[in-house]
Structures are given as C-alpha cells and as structure tokens.
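Report on the structure
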Amino acid sequence: MALLSTSQLSKSFGADTVFSGVSFEIQKNDRVGLVGINGSGKTTLFKVLTGEYSADEGDIYKAKDCVTGYMEQHVCRDLHRSAYHEVLTVFSDLIELEQRLDTVNQALQGRPDLIEAGHGDINALIAEQNRLHTEFEDEGGLTYKSRARSTLLGLGFTDEQMGSPIGVLSGGQKAKLQLAKMLLSGANLLLLDEPTNHLDIAAVEWLEDFLKNYHGAYIVISHDRFFLDHVTNRTFEMEYGRLTIYKGNYSTYLSLKEEGRLTAQRVYENTTREIKRLQAMIEQQKRFNQERNYKTIASKMKVMERLQKNLVRPAAAPDTIHFSFGASQRGGNDVLMADDLALSFDKKPLFSHVNLFISRQERVFLLGPNGCGKTSLLKILLQQYEPESGSVRFGAGIDVGYYDQLQTSLTQQADGTVLDAIWNLHPTMTETQVRSALAVFLFKGDDVYKPVAALSGGERARVLLLRLMLSKANFLLLDEPTNHLDITSCEALEDALLHYDGTLLIVSHDRYLINKLADRIYYLENGTLTEYVGNYDDFLTARQEEQEQKKQQAPQTPKINRYKLRKEQEAELRRLRSQIQRTEARIEEIDSEMAQCNQDLQLPDIASDYEKAMALSARLDELHRENDSLLVRWESLSSELEEKEKAALC
C-alpha cells in the first residue's frame, strides 16, 4: 500500500494556475527527485502535501502509518535559540502537557492560589494529575529530552554546539538540525526542499550517505544534479503546470525525456504528413466528380478527422537563458601569481603560506569546507582585503570580472530597476541594446522595470551573469555561481564557461560543474592550500589514496602512489593537448584573417585610401606578431607534450 497518493491536484493563486491534474503515488522506500525551473510550482506542491496550502481541486490520501517530515529552504527563524531547544520544538505537545502537569503538582503542594484560580478541589486535582501523568508517560514524555540529546550526538553535535545559538552554526549543521527534528518526529516520508543549498561538499556527502541509508521514503527538490544522481531512483518533473513521472535518477530522466521529445516530434510530423496526403487524395476524388468517389471521400474524411482530433503539437521547451562569455583582449600567458599569502581575523589565523599560479585559459577551482577562507582569499586577489603577508600579481593585459555569491553589488543598488542595473554600468548602450541583452536572460517586457529589491535570488543571479558577460573580462573569478540558479540555467552557464576563451578561478560546491570544467583544483583546509591536477573525480581518487596511505604506510617508508601519479600524468597530458588544440585553432583564425587583409589591400578603393590601407597594414603587423608568439608557444607545448608522453610510457 502506498504511503501517500494524490489524485488530480490543482492549485491556483488568483488567475495564475500553478499546477493542475497532478497525480502520483509514493511507496515505502521510494527515492524521488522533484525537478523543474524556478517558479514551476515545486515548493507549492510540497506545501499542499503538508496542508499549509489547500488544494483547489483533487485529493490527497495518506496511509495510517504515514508521518511526514518537511525540511524547508528557510527554517530555524529564531536564530538566538539554542540547537538543543530548537530540536525540542518537535515535542511541543509533550512540553505543553508537562507544563500542565507541573501546574497541577504545584497546586497539590499547597498552592491555594492555583486552586482558587479554577483547579477545583483536591480529589479532582489528584484525578487530573493521574490522567496527565499516564498520558505523558504513554507519549514518551519521560525520555524525550534524552532522545533529543542522543540524536544530536549521533549527528555529530558536541555538547558545546548543542548549547550554541542557531545563528552561529554552519549551513551543514543547520541541515543536520532539521534532519534531527524530522527523525524525532518519527517521519517515514521526508519532503526535502533544496537541502543542499549553502552546504559545503563534505556536508552534502554526509547528507547523501544519510539518505542512502534512510529507512523510509523521500521526495527531494534540488538543483544539484550530482546529488540527484546519487540519491534518487525516480524523477518527477514539474513543467507547464503538469507533473510527468520518469523512472531513474536525474541523468536517466534527461535521456528518457529527450527520447520522449523526439518520439512525440516524429509522431506529430508523420501524422501531419498523413493528414496532408489524405487532404490531397480527397481533393483529387472531388475533381473526378463520380458517384463512386463519394464513398471514398467520406471514408478518407473520417480517417483525417480522427487524426486531426488526436494530433498534439509537442510542447516547446520552457524559456531558458543562452549566452556566451567573450574577452575583449587576449592578455598574457601568466594570469595570476600569488606568493605566500596569509590572513587572520581577530588574531585567529585563517590561512597561511598560500601560493597560486594560474596560466592563460586554465580552469581552476578553489574548494574547501565552509568557513575555511575561500571567499576571503578571492577578496585578497580583488584587493578588497589586505593580506598579512605575501603578494599578488596579475599578468599583462588581464581584466578581472567577479561574481559575488552574496550579490552585494545589487543589494547596494536595490532602489533601482533591472534596466538601471545594466544601463548604469554601460551608458553607451542604447535602450534597445540593453533590453535585448536582458531578454536573453529572460527579462522581457515590463520585467525590465522590476525593482532590484523585489528580485528573487535566481533573478539577481541572472542580472549578475549579464553584467559579467558585458564586462568582456578575460579572467573570471566566480564565487558559487550556480547558487540560486535552476538546473537549466546551470547548464547554460556550464556551456558558456566551457566555450569561454579566457581564464577561470571558481569557488564552487557544484560537483557536476567541477567535473565538467576543472583542469586543476586547489583545496583549502585547516589553513593550508593543496593542489590537485584534474577534475572532481580525479580529486576524490587522490584524496582517497592519501587517506589509504596514511592508514597503511609507516611514516618512515613512504610509498609512491602509482595510481595517483598515473592520474596526474593523464590529467597533465589532457591539459597540454587542450592548450595545443586551442593554440592551433587561434593560428587558423589568424591565418584566415591575414588572408582576408591581404585580399582587401588589393582592392582599388582601399589601395587608393591611405588611411584604410595603413589601418589594414597595422592590423596585419599585429596579426603577424601574435602568430609568431603562438607558433613559439605551440612549439614549446608540443615539446613538453612529447616529453611527458615519453615519461608516461616509462
């Protein structure tokens, strides 16, 4: 029997229909991912299931043993309450019962004022005391405090952290606090709304392990594709107000959805062709104008009408952003050199002896647990913080673009509109140009006049990405760029970064993004920065090998980690081949442009125009210089690749 099922649920706010006809079942041990673009109705559906909102139409059926636990995006609103007392709010009915029992006990201990206040005579008080005490025991009142403490201990809280205000806890600890509340509530169906938001990678991996071993069912809303792939076996998609159910995790859902879209498109095109064929046949039969043809016409008309009645045009994909980053100038080969950086707050060291070196067109990620100093390190690079020691140098011709995860630049301009947020930075653009750029990021029509203060986190993220695109910077520093973005926007950002011809330094907890883009990873932990070559999978393998070495090897006899060495060699070879391919592509572009310039110089109208001829000659000189530089770089990279390939074979 299903834990929960729904039939034809519908919900509207005024004239806006959020969803309709939503029907599904949740069985015991179901692991469901609920996906859809921002604003598609996912959180609204959760609130209908919990009873916070009432459905306009349809029914919800719950099994007798179904206990629902709801993990919201924004909870624990009393940030001054201790972690322990926040967990105790689960037992509010027991606490109220305990208070009533305490009042009766005080009355029986000689508090005439309480008796006079309406508690009746002694016999009635004794009867009330017995009833309340029995109910308190039966409901688990004698053990609820110890259960709360042991659950928090099991989730990794210390006694000190239990007594700490919620406001000082990390994002991961707050997530564990919510899970503790749901576990103590006896929930066997969890509704998790963006549980990985603001968690570091370690906390997300802890949550993955928890859910994999959870003895119950759950539905999870998330934009973290790596997370969804690891913890779900069914996928519900909310799109155009309808819920579609797919078997499998997120990657399987993508494949099945694409197959379904192609099938629907083929059916539509084949049916349309058949209708046109029947129409032509009917017209031909009418032209013959013979009595026997009327039966044929009537028969074909019936077939055509049936096909037209059942013809369904495939739904267009929802509006998504599609954009690209481009650099206004090339910049030097050495992009960033940071030497021996150190920083402390309130005399407490955050990190020290940090060294960074980033070359042109590298995609480097900065990872580490929350609070380790990743954002502070970026702010040193941006000269917003002064390091205690060390130096930062940028290469020649480097333009820096910065994406701030806290969106502070927009917060400071909250009294303006979306149009102002772009136009104020690019006053030479026409209004049509600004509106066209905003339309690419889904701000259309009157949306451009929305106050910045009224924008959601996702909308602000899109404004900041547009600013970054228009900056034409050749070195992008991005701090958690996928936070607040829905999955389709994350994929658009990935594609833009993948084809970006500049250099990237990205702080992120998005493992899908890291796997797709990373050439190298810097890991900041306990004040120390460690470098790893490769993407997230390579990083994980290297970390696991390090841990195994620490367990298995004696410190005095270090063993060469051949697997790690091989993976590093493979990653380095991939990096060199990629740089060679990019260099060759640019050389081809220059050759093409030089050929065009030479052709243009032969044209009579340019040959007779001194200024045009000089401008073309200057451009040719510039292209020759860049070409010479690229050929030297290509030769150097090719030699390095050849040497490393030989070393890898040894």
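Presented here is an overview of the structure given in this document.

1. With respect to the overall build of the protein
Within the protein, the secondary structure is distributed over 23 helices and 18 strands. The principal-axis extent of the C-alpha atoms belonging to the protein is close to 120 × 100 × 60 Å. Going through the 650 residues of the protein one by one, you find that 43% of them count as buried. When the accessible surface of the protein is totalled, it reaches about 34400 Å², and 49% of it is carbon and sulfur. A gap of 6 Å separates the mean positions of the 75 positive and 95 negative side-chain charges of the protein.

2. Structural notes on a negative patch on the surface
Taken together, the side chains of Asp93, Glu96, Glu137, Asp138 and Glu139 present a region of like negative charge at the surface. Those elements giving two or more residues to the negative patch turn out to be α3 (92–108) and α5 (122–138). Its location among the elements puts Glu96 in helix α3.

3. Describing the sheet that holds strand β5 (residues 68–71)
Judged by pairing direction, the sheet is mixed, and its 6 strands sit side by side in the order β5-β6-β7-β3-β8-β9 without closing on themselves. Each having just a single partner strand, β5 and β9 (242–247) make up the two edges of the open sheet. Averaged over all pairs of adjacent strands, the angle between strand axes in this sheet comes to 15 degrees, irrespective of strand direction. Pairing between strand β3 (residues 31–35) and strand β7 (residues 217–221): 4 bridges, direction parallel. Directly across from Val32, in β7, lies its bridge partner Ile219. In the packing of helix α1 (residues 42–50) onto the sheet, contacts are made with β3, β5, β6 (189–193), β7 and β8 (234–239), and the angle to β6 comes to roughly 150 degrees. Across the face of the sheet, helix α9 (residues 201–212) comes into contact with β3, β6 and β7 while running at roughly 155 degrees to β6.

4. Section: the pattern of salt bridges
Counting across every chain of the model gives 30 salt bridges. Close ionic contact of Arg234 with Asp30 constitutes a salt bridge, the shortest N to O distance being 2.8 Å. In this pair, Arg234 is assigned in strand β8 and Asp30 in the loop between β2 (16–26) and β3, connecting sequence segments 204 residues apart. Note on Arg234: relative accessible area 18%, which makes it buried. The exposure class assigned to Asp30 is buried, which follows from its relative accessible area of 10%. Across the salt bridge formed by Glu494 and Lys516, the nearest N and O atoms sit 3.3 Å from each other. Taken together, the residues span a long stretch of sequence, with Glu494 in helix α18 (residues 487–498) and Lys516 in helix α19 (residues 511–517) at a distance of 22 residues. With a relative accessible area of 1%, Glu494 lands in the buried category.

5. Brief notes about the nonpolar core
Soluble globular proteins tend to pack their nonpolar side chains together in the buried interior. In terms of nonpolar packing, the biggest core is built from 52 residues, with Phe323, Phe325, Phe365, Leu367, Leu438, Leu476 and Leu497 touching the most fellow members. If you tally residues by element for this core, the top one is helix α17 (residues 457–471), at 8 residues.

6. Focus on the packing of aromatic side chains
In this structure the tally under the stated criterion is 17 aromatic pairs. Ring plane angle 50 degrees and centroid distance 5.3 Å describe the contact between Phe91 and Tyr144, whose orientation is recorded as tilted. In this pair, Phe91 sits in the loop between α2 (83–88) and α3 while Tyr144 sits in helix α6 (residues 144–154), placing the two residues 53 residues apart along the sequence. Since its relative accessible area comes to 2%, Tyr144 is described here as buried. For the pair Tyr536 and Phe539, a centre-to-centre distance of 5.7 Å together with 40 degrees between the ring planes defines the contact as tilted. One end of the pair is Tyr536 and the other is Phe539, both in helix α20 (residues 536–552) and 3 residues apart, which spans about a single turn. Each member of the pair, Tyr536 as well as Phe539, is classed as buried.

7. Some thoughts on the pairing of β2
Within a regular strand, the side chains alternate between the two sheet faces. In the sheet, strand β1 (residues 4–13) pairs with β2 via 7 bridges, with the strands oriented antiparallel. Bridge pairing in β2 places Phe13 opposite Asp16. Linking two consecutive strands that pair antiparallel, namely β1 and β2, is a turn of 2 residues; a positive phi of about 65 degrees is found at Gly14 within it.

8. Notes on unusual backbone geometry
Although it is not a glycine, Tyr240 adopts a positive phi angle of roughly 55 degrees. Position of Tyr240 among the secondary structure elements: in the loop between β8 and β9.

9. So, the side chain of Lys47
Mapped onto the elements, Lys47 comes out in helix α1. For Lys47, a relative accessible area of 17% gives the class buried. Setting aside residues up to four positions removed in sequence, Lys47 forms contacts with Glu52, Tyr53 and Tyr70.

10. Focus on helix α16 (residues 431–440)
Taken together, the buried positions of α16 are occupied by Val434, Ala437 and Leu438. Each buried residue of α16 sits inside an arc of 100 degrees when the element is viewed along its axis, so together they form one side. Two residues or fewer after α16 comes Leu442, characterised by a positive phi angle close to 70 degrees.

11. Topic: the environment of Ser352
Here Ser352 is to be found in strand β11 (residues 348–359). Relative accessible area serves as the criterion here: at 33%, Ser352 is assigned to the partly exposed category. Ser352 sits 248 residues away from Val104 along the chain, and the two C-alpha atoms are 61 Å apart.

12. Structural notes on α6
In an α-helix, one turn spans 3.6 residues, which is why side chains three or four residues apart end up on the same side. The set of residues buried in α6 consists of Tyr144, Ala148, Thr151 and Leu152. For α6, the buried positions fall inside an angular range of 95 degrees around the axis, keeping them on one side. Phi for Gly156, located one or two positions after α6, is positive at around 95 degrees.

13. Some remarks on the sheet that holds β1
Taking strand neighbours across the sheet as the criterion, the 3 strands line up as β2-β1-β4 in an open arrangement whose pairing is antiparallel. Looking at which strands have only one partner, the edges of the open sheet turn out to be β2 and β4 (57–62). Within the sheet, the average angular offset between the axes of one strand and its neighbour, ignoring direction, is 20 degrees. Bridge count for β1 against β4 is 5 bridges, and the pairing is antiparallel. For Thr6, the partnering residue across the bridge sits in β4 and is Ile60.

14. Some remarks on empty space enclosed by the protein
It is the rolling of a water-molecule-sized probe over the atoms that shows where space remains empty. On inspection of all chains with the given rule, the structure shows 1 cavity of 30 Å³ or more. Looking at the largest cavity, its volume works out to about 60 Å³. Taken together, 10 residues form the lining of the largest cavity, with Val533, Asp538, Ala542, Lys564 and Glu568 sitting closest to its centre. The set of elements that each furnish at least two residues to the lining of the largest cavity consists of β18 (528–533), α20 and α21 (562–602). Across the lining of the largest cavity, the residue classes break down as 5 nonpolar, 1 polar and 4 charged.

The rules we used
Residues numbered from 1 in each chain as written. Predicted model: local features only at pLDDT ≥ 70, side-chain atom pairs only at ≥ 80, totals over all residues. Heavy atoms only, no water. Helix = DSSP H or I, 4+ residues; strand = E, 2+ residues; numbered from the N terminus. Buried < 20%, exposed > 50% of the residue type's maximum accessible area, 1.4 Å probe, protein only. Areas by Shrake-Rupley, 256 points an atom, 1.4 Å probe, with all protein chains shown as cover. Lys, Arg positive; Asp, Glu negative; His and termini not counted. Charge placed at Lys NZ, Arg CZ, Asp CG, Glu CD. Patch = residues over 30% accessible without salt bridge, like charges linked within 9 Å, V, L, I, M, F, W, Y side chains within 5 Å. Salt bridge = Lys/Arg side-chain N within 4 Å of Asp/Glu carboxyl O. Pairing = 2+ DSSP bridges. Axes fitted to C-alpha atoms, helices over the stretch in contact; angles between N-to-C directions. Contact = heavy atoms within 4.5 Å. Core = buried A, V, L, I, M, F, W, Y, C linked by side-chain atoms within 4.5 Å. Phe/Tyr/Trp six-rings, centres within 6.5 Å; stacked < 30°, edge-to-face > 60°. Arc of directions from axis to C-beta. 1 Å grid on protein atoms, 1.4 Å probe; cavity = no way out; pocket = protein on both sides within 12 Å on 5 of 7 lines; lining within 4 Å. Points joined across faces, edges and corners; volume = space filled by probe spheres on them. Nonpolar A, V, L, I, M, F, W, Y, C, P; charged D, E, K, R; others polar.

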